[in-house]
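Observations on chain architecture
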Amino acid sequence: EAGVAQSPRYKIIEKRQSVAFWCNPISGHATLYWYQQILGQGPKLLIQFQNNGVVDDSQLPKDRFSAERLKGVDSTLKIQPAKLEDSAVYLCASSLVARITDTQYFGPGTRLTVL
Amino acid sequence: AQTVTQSQPEMSVQEAETVTLSCTYDTSESDYYLFWYKQPPSRQMILVIRQEAYKQQNATENRFSVNFQKAAKSFSLKISDSQLGDAAMYFCAYRSPPSGTYKYIFGTGTRLKVLA
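Just so you know, these numbers come straight off a predicted model, no measurement behind them.

1. Observations regarding the overall build of chain A
A tally of helices and strands in chain A yields 0 helices and 11 strands. For 115 residues, the compact-globule estimate of 2.2 N^0.38 gives 13 Å, and chain A sits close to it at 13 Å. Taken over the C-alpha atoms alone, chain A extends approximately 40 × 25 × 25 Å along its principal axes. Among the 115 residues that make up chain A, the fraction classed as buried is 45%. Taking the contacts inside chain A whose residues are at least 6 apart along the sequence as the reference set, 54% of them involve residues at least 24 apart. Surface accessibility of chain A: about 5600 Å² in total, with carbon and sulfur atoms responsible for 51%. Across chain A, 13 positive and 10 negative side-chain charges occur, with their mean positions spaced 4 Å apart.

2. A closer look at the pattern of salt bridges
Residues and elements named next belong to chain B. Summed over all chains, the structure comprises 6 salt bridges over all chains. The shortest N-O distance in the salt bridge between Asp26 and Lys73 comes to 3.4 Å. With Asp26 in strand β4 (residues 24-26) and Lys73 in the loop between β8 (64-69) and β9 (74-79), this pair connects stretches of sequence that are 47 residues apart. Look at Lys73 and you get partly exposed, because its relative accessible area is 25%. The salt bridge involving Arg63 is made with Asp86; its shortest N-O contact spans 2.9 Å. With Arg63 in the loop between β7 (60-61) and β8 and Asp86 in the loop between β9 and β10 (88-95), this pair connects stretches of sequence that are 23 residues apart.

3. A word on unusual backbone geometry
Each neighbour pair has its own omega, and for Ser7(A) with Pro8(A) the value is -10°, a cis peptide bond. Positive phi, normally seen in glycine, also occurs at Lys71(A), with a value near 60°. Tracing the chain through its elements places Lys71(A) in the loop between β7 (65-68) and β8 (75-79). In this model, Asn62(B) sits at a positive phi of 55°, which is unusual for a non-glycine residue. For Asn62(B), the position within the fold is in the loop between β7 and β8.

4. So, the interface of chain A and chain B
With 22 residues of chain A at the interface, the matching set in chain B holds 19 residues. Taken over both partners, the interface formed by chain A and chain B buries close to 1700 Å², and the fraction arising from carbon and sulfur atoms is 55%. Here chain A and chain B share 0 salt bridges between them. Elements represented by at least two residues in the side of chain A that touches chain B include exactly β4 (31-37) and β5 (44-50) of chain A. A total of 3 residues in the side of chain A that touches chain B trace back to one element, the largest contributor, which is β4(A). Residues of the side of chain A that touches chain B, tallied by class, amount to 10 nonpolar, 9 polar and 3 charged.

Calculation notes
Residues numbered from 1 in each chain as written. Chains lettered and ligands numbered in written order. Predicted model: local features only at pLDDT ≥ 70, side-chain atom pairs only at ≥ 80, totals over all residues. Heavy atoms only, no water. Helix = DSSP H or I, 4+ residues; strand = E, 2+ residues; numbered from the N terminus. Rg over C-alpha atoms; globule rule 2.2 N^0.38 Å. Buried < 20%, exposed > 50% of the residue type's maximum accessible area, 1.4 Å probe, protein only. Contact = heavy atoms within 4.5 Å. Areas by Shrake-Rupley, 256 points an atom, 1.4 Å probe, with all protein chains shown as cover. Lys, Arg positive; Asp, Glu negative; His and termini not counted. Charge placed at Lys NZ, Arg CZ, Asp CG, Glu CD. Salt bridge = Lys/Arg side-chain N within 4 Å of Asp/Glu carboxyl O. Buried area = accessible area lost by both parts, 1.4 Å probe. Nonpolar A, V, L, I, M, F, W, Y, C, P; charged D, E, K, R; others polar.

These figures come from the coordinates and say nothing about function on their own.
Given below as structure tokens:
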């Protein structure tokens, strides 16, 4: 079965520019997660979707970050405008449903560098 | 607030030997789940093993096992018969139960080097 797909794999932008990341979860997976992993740290959950509804976005900086999951499949995470501290790897993960025992499958991530 | 602490930034182990990675956490919840994830260099993060807090028996997956001490809030990972492919970053993670405030928290990771 195909894994979680993310694009682009790498992105370099200037501060104050906008950027968008795309994630295609495993087919049939209802739950989708976006994480931010800053160098030297563990992943931090930004937002969790159940189908196309938001379950938790308590750690999403809503003044500059936004995410959507149209039709409950693909998802896009946007940063507008970007700051230097947004430099990180952005990981997308999916699971079949949101049961606590469900395994999360991670994508390869998008490495963002903000100059 | 829940926290997850991995106090060993880096560990080394000789091939075929055993190594233990440490993780402590803090929570006021009685029901939760703990996980160990492996992140190989430039590769996807994968789940290694998980432990339900209400289960006293330590989880085991082939060469990987945990030592779960609920009262001490300790959750260590033991890798037996270490292999070169075990070299990776290992993250300990805590997940709160679905009811109440949702939390999914990762530690800062331990880089494991396997020496041939």
